[in-house]
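Below are the chains, spelled out letter by letter.
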Amino acid sequence: MIANSRRGLRNHFLTAIRNPQSNMPITRIEVEKIAKLANLELTDAERESFTGQLAAIVEYIDQLNELDTSAVKAWQTRSAGEAISSYASRDDVVRPSLGQQKALDQAPDADEGHFLVPRVI
Amino acid sequence: MKLTVEEIHNLYAAGDATPSQITRAALDKIERDNERLNAYLTINRDGALKAAAAMDGDIQSAIKEKPLAGIPVAIKDNMCTEGIRTTCGSRILGNYVPQYTATAVKKLEAAGAIIVGKTNLDEFAMGGSTENSAFGPARNPHNTEYVPGGSSGGSAVAVAADHVPVSLGSDTGGSIRQPASFCGVVGLKPTYGRVSRFGLVAFASSLDQIGPFATNVKDAARMLQVIAGHDRHDATSANIEVPDYLNALTGDIKGLRVGVPPECFGEGLDGEVKAKVEAAIHKLKDRGAEIVEVHLPHTKYVVAVYYLIATAEASSNLARFDGVRYGFRAEEARSLSELYRCTRDEGFGAEVKRRIMLGTFALSSGYYDAYYEKAQRVRTMLVNDFAEAFKKCDVIATPTAPTPPFKIGDKSDDPLAMYLCDIYTVTINLAGVPAISIPCGVSSSTSPMSGLPIGLQLIGNHFDEARLLNAAYAYEQQPRKP
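Scoring rules and cut-offs
- Residues numbered from 1 in each chain as written.
- Chains lettered and ligands numbered in written order.
- Predicted model: local features only at pLDDT ≥ 70, side-chain atom pairs only at ≥ 80, totals over all residues.
- Helix = DSSP H or I, 4+ residues; strand = E, 2+ residues; numbered from the N terminus.
- Buried ≥ 20, exposed ≤ 12 C-beta atoms within 10 Å, placed from the backbone.
- Contact = placed C-beta atoms within 7 Å.
- Axes fitted to C-alpha atoms, helices over the stretch in contact; angles between N-to-C directions.
- Parallel < 35°, antiparallel > 145°, perpendicular 65-115°, else oblique.
- Nonpolar A, V, L, I, M, F, W, Y, C, P; charged D, E, K, R; others polar.
- Pairing = 2+ DSSP bridges.
- Core = buried A, V, L, I, M, F, W, Y, C linked by C-beta atoms within 7 Å.
- Arc of directions from axis to C-beta.
- Left-handed = near helix turned anticlockwise from the far one by under 90°.

### Concerning the overall build of chain B
Along the backbone of chain B there are 16 helices and 11 strands. With the principal axes as the frame, chain B shows a C-alpha extent of 65 × 55 × 50 Å. Evaluated residue by residue, chain B yields a buried proportion of 62% over its 482 residues. Long-range contacts, defined as pairs at least 24 residues apart, comprise 76% of the intrachain contacts of chain B with a sequence gap of at least 6.

What follows is the structure in structure tokens.
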């Protein structure tokens with residue numbers, strides 16, 4: 001269900017961008033969905049401005065479709081020109097870490113060795 | 001303080017100055033200028049004076065052993081400094097005091113450097129003007145109505161305004177080179193992996209790299225010498241020997257093949273920038289370099305690729321800012337999910353949210369193949385373009401930025417226009433190669449009050465900083481015409 005609705009979102013999104021009649025290629029509803037995925041609570045003004053700005057950026061990005069990349073591998077880590085040896089593995093040994101006191105030191109709210117947050121249940 | 005590292009060391013050697021005197025002079029100038037330039041978010045007066053005083057006694061012997069003994073430095077405020085506030089130019093880290101120090105900063109301190117302050121930046125290094133700082137824009141010292149560039153704007157200003165001889169910035173898509181160009185100083189982005197990223201607050205982990213600003217190439221080489229090398233805290237730092245960069249600065253570039261890609265000199269490039277950069281390339285030829293044509297055929301796509309990959313990585317990296325373990329927390333939240341959303345809404349500025357949104361979109365189910373995967377494929381093509389180009393040349397010369405500095409506020413309402421300014425710099429991060437920006441003239445047309453700087457970008461092959469620095473050094477030896 002979720003996958004389907006996202007596919008629907010995508011089709012709507014792309015159709016809207018490619019439709020020159022459309023003044024609002026990305027709707028506020030889609031911006032709200034992305035914001036939810038990103039754990040962002042947007043203000044009305046942000047929803048408004050992001051809708052137009054993201055649409056313009058994505059439209060610009062869509063020029064990548066001019067390139068045939070079917071025979072190209074996606075870039076991963078580093079290619080031959082770069083140093084493979086730099087991704088060295090290391091021995092799995094315990095080393096001193098920050099420690100509990102320092103780790104909690106910058107927390108907005110902590111008590112008895114724990115980070116405190118609003119109740120979940 | 002208009003002094004190079006070498007000149008300060010000469011003063012120390014002659015007994016004409018002490019680290020305390022030099023550091024106090026730097027701090028005084030910083031404090032006088034900061035209201036006007038807003039280059040520093042934290043001034044480390046007490047810490048710096050204490051560190052300097054501890055060096056006063058044996059500075060004459062220290063300068064023989066430590067390459068930066070008694071040298072005041074400024075650090076971009078996205079590198080962790082234990083006990084000194086590190087904000088990333090963001091409200092969300094406005095009161096964060098790190099529990100540890102970044103490796104590059106630790107290495108500077110071990111080499112004798114004195115940290116005088118943490119410099120202003122675009123929030124989380126996202127921007128090209130330092131206007132996206134939550135603490136107000138930094139200003140270009142050549143004309144304060146203009147941007148200093150970004151995101152490492154404060155660190156560029158620190159050197160350009162003669163506060164410190166050298167500073168540290170970080171470069172994800174041009175954030176060292178472009179402000180160096182706009183402020184008329186030298187800025188180097190090393191090869192990905194040359195310098196440890198440990199303690200650098202992550203923006204885009206496959207692109208981020210720490211590097212120096214300096215008034216001259218020799219000081220930039222000296223800084224790289226100190227910060228380069230493998231670090232067990234950063235698995236992507238390269239375990240490759242660090243050459244002697246200062247020794248490489250012979251100024252001899254006879255036979256050096258300088259590649260010039262016509263794709264970087266076409267549409268969108270300001271006429272005056274084009275003329276100055278072409279004149280600079282001509283000077284390299286006068287010094288014995290051989291100019292060859294090379295091609296970077298996918299240049300028109302680099303901004304699109306960059307803004308997919310960088311934002312995708314940012315959306316993932318910035319997920320950690322949730323108001324639980326450190327930094328700002330929204331007060332009014334009643335549930336955990338509300339705590340996350342409200343903290344991030346109040347804590348992040350508009351550009352950071354915009355990029356998190358774009359990156360989240362590019363990675364989200366259904367869009368991943370068409371956007372993120374596509375961008376990674378084109379990234380492979382860009383890497384191959386550089387490999388081909390470097391078969392024909394040793395360094396590549398381009399402009400650093402397509403225009404001279406612009407006015408504060410001119411592009412702040414148009415993110416896409418701002419992104420397009422990154423066309424010559426982002427591709428270097430995508431390919432992982434090193435590049436340096438050096439001043440190559442001033443623009444007379446942009447500012448009626450004073451000419452604003454223009455930068456030449458030289459690009460090297462992976463881990464070939466020695467040759468890159470020598471090419472820049474050779475150019476610097478030319479007498480400059482205004």
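### Thoughts on the overall build of chain A
The number of helices and strands found in chain A is four helices and two strands. Secondary structure elements of chain A occur, N-terminal to C-terminal, as α-α-α-α-β-β. For chain A, the residues scored as buried account for 18% of the 121 residues in total. At a minimum sequence separation of 6, the contacts of chain A that also span at least 24 residues come to 34%.

### Notes on the packing of helix α2 (residues 28-37) of chain A against helix α12 (residues 350-363) of chain B
In the contact formed by α2 of chain A and α12 of chain B, the axes pass within 9 Å of each other and the chain directions differ by 90°. Of the possible angle classes, the one that applies to α2 of chain A and α12 of chain B is roughly perpendicular. Contact residues: Ile34, Ala35 and Leu37 of chain A in α2 of chain A; Met357, Thr360 and Phe361 of chain B in α12 of chain B. For the contact of α2 of chain A with α12 of chain B, the residue count by class is five nonpolar, one polar and no charged.

### Some words on the interface of chain A and chain B
If you look at the interface, chain A gives 49 residues, while chain B gives 61 residues. Looking at which element gives the most residues to the side of chain A that touches chain B, the answer is helix α3 (residues 44-61) of chain A, with eight residues. Here the side of chain A that touches chain B is composed, by residue class, of 29 nonpolar, nine polar and 11 charged.

### Overview of the sheet that holds strand β1 (residues 40-43) of chain B
Residues and elements named next belong to chain B. Taken together, 11 strands build an open sheet; the order of strands is β1-β3-β2-β4-β6-β5-β10-β11-β9-β7-β8 and the sheet is mixed. Of all the strands in the sheet, just β1 and β8 (290-293) have a single pairing partner and so form its edges. Neighbour-to-neighbour, the strand axes of the sheet open up by a mean angle of 30°, direction not taken into account. Bridge count between strand β7 (residues 257-260) and β8: four bridges; the pairing is parallel.

### Let's talk about the environment of Glu46 of chain A
Tracing the backbone shows Glu46 of chain A in helix α3. Discounting chain neighbours no more than four positions away, the residues touching Glu46 of chain A are Ala350 and Lys353 of chain B.

### Quick notes on the nonpolar core
Residue and element names in this part refer to chain B. Membership of the largest hydrophobic core comes to 170 residues, with the highest contact counts inside it found for Val73, Val305 and Leu308. The biggest single contributor to this core is helix α10 (residues 302-317), with 11 residues. Leave out the neighbours within four places in its chain, and Val305 touches Ala375, Val378, Arg379, Leu382 and Leu430.

### Here's the deal with helix α1 (residues 5-14) of chain B
All names here are of chain B. Regarding α1, the residues found buried are Val5, Ile8, His9 and Tyr12. Down the axis of α1, the smallest arc covering the buried residues is 100°, so these residues share one side. In the core, the buried residues of α1 are packed alongside α2 (19-37), α4 (59-65), β4 (166-170) and α8 (217-227). At the exit of α1 stands Gly15, carrying a positive phi of roughly 75°.

### As for the packing of α2 of chain B against helix α3 (residues 45-56) of chain B
Residue and element names in this part refer to chain B. Relative to each other, α2 and α3 sit at 160°, their axes nearing to 8 Å. Classed by the angle they form, the pair α2 and α3 counts as roughly antiparallel. Between α2 and α3 lies a crossing whose hand is right-handed. Side by side, α2 and α3 meet where Pro19, Ser20, Thr23, Arg24 and Leu27 of the first sit next to Arg45, Ala48, Leu49, Ala52, Ala53, Met55 and Asp56 of the second. Taken together, the residues of the contact of α2 with α3 sort by class into seven nonpolar, two polar and three charged.

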